[in-house]
Amino acid sequence: MPRHQSRSESSPSQRQLRVGELVRHVLADLLARGEVHDPVIQGHLITIPEVRMTADLRLAIIYTMPLGGRDAEAVLAALNRNKRFLRGEIARRVNLKFAPEIRFRIDARFEEAERIEKLLRSPEVARDLGPKPEGED
C-alpha cells in the first residue's frame, strides 16, 4: 500500500476550498454589480454554486447556472466570451501567485436533484417505501 495518496484520489485541501470560495465570491460580486458588459449576462440572473480549484491552483472550474436554467448555453457562451476580463478581475482581487485559468461548466446538480425527486414520487417507489400491510413481516 502506498504511503501517500495522490491528491486526485482524495478530497480537496483546505487551501483549494478557500481559494475556490474566494474566486466564487469575486465572480458573484462582478455579476451582481453588472460589471461584465455583455447583454446576455446582464439579461440573466446567474448563480455560481461552486468553484473547484486544481491542487496547484492554476485552473478554476466554475460551475454556473442561470436562474431557472433559462438560456444556459447562451449564458455559458457569454461567460466564455468574457473569460479574459473575468480572469483579470480574479487576478486583481484574489492575491495569488498566478491568475488561474478559468473554465465554465453548467451545473447539473439541480437537474439531477429534480430527477431523483421524480423517482421518489413515482408510484413504484412509493409502493415500496409505504407502510407494510398488516400480517407482512
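Because the structure is predicted, anything quoted here is derived from the model rather than measured. (Residues numbered from 1 in each chain as written. Predicted model: local features only at pLDDT ≥ 70, side-chain atom pairs only at ≥ 80, totals over all residues. Heavy atoms only, no water.)

Q: Teacher, can you tell me more about the pattern of salt bridges here?
A: Between side chains of opposite charge, a pair can form when the charged atoms approach closely. Counted according to the given criterion, the structure contains eleven salt bridges. For Glu35, the salt bridge is made with Arg93, and the minimal N-O distance between the two is 2.9 Å. Taken together, the residues Glu35 in the loop between α1 (14–32) and α2 (39–42) and Arg93 in helix α4 (residues 83–93) connect sequence positions 58 residues apart. Taking relative accessible area as the criterion, Arg93 reaches 31% and is therefore assigned partly exposed. One salt-bridge network, in which partners are shared between bridges, spans Asp29, Arg33, Glu35, Glu89, Arg92 and Arg93. (Salt bridge = Lys/Arg side-chain N within 4 Å of Asp/Glu carboxyl O. Helix = DSSP H or I, 4+ residues; strand = E, 2+ residues; numbered from the N terminus. Buried < 20%, exposed > 50% of the residue type's maximum accessible area, 1.4 Å probe, protein only.)

Q: Looking at this structure, I do not really get the packing of α1 against α4. What am I missing?
A: Packed helix pairs are specified by the crossing angle of their axes together with the interaxial distance, meaning the distance between the axes. At a minimum axis separation of 10 Å, α1 and α4 run at an interaxial angle of 120°. Between α1 and α4, the crossing angle belongs to the class labelled oblique. Two packed elements cross with a definite hand, and for α1 against α4 that hand is right-handed. In this structure, α1 contributes Val23, Val26, Leu27, Asp29 and Leu30 to the contact, and α4 contributes Leu86, Glu89, Ile90 and Arg93. Of the residues contributing to the contact of α1 with α4, the split by class is six nonpolar, no polar and three charged. (Axes fitted to C-alpha atoms, helices over the stretch in contact; angles between N-to-C directions. Parallel < 35°, antiparallel > 145°, perpendicular 65-115°, else oblique. Left-handed = near helix turned anticlockwise from the far one by under 90°. Contact = heavy atoms within 4.5 Å. Nonpolar A, V, L, I, M, F, W, Y, C, P; charged D, E, K, R; others polar.)

Q: I would appreciate a short explanation of α1 in the present structure.
A: Think of an α-helix as turning once every 3.6 residues; residues three or four places apart then point the same way. End to end, α1 covers 27 Å across 19 residues, agreeing with the expected 27 Å (1.5 Å per residue, within 8%). Taken as a whole, α1 has its buried residues at Gln16, Val19, Gly20, Val23, Arg24, Val26, Leu27, Leu30 and Leu31. The arc enclosing the buried residues of α1, seen along the axis, measures out at 165°, which places them on a common side. Seen from the open side of α1, the exposed residues pointing more than 90 degrees away from its buried face are Gln14 and Ala32. Those residues of α1 that are buried lie in contact with α2, β1 (46–53), β2 (59–66), α3 (72–81) and α4. Looking one or two residues beyond α1, the residue adopting positive phi is Gly34, at roughly 70°. (Expected span 1.5 Å × (residues − 1). Arc of directions from axis to C-beta.)

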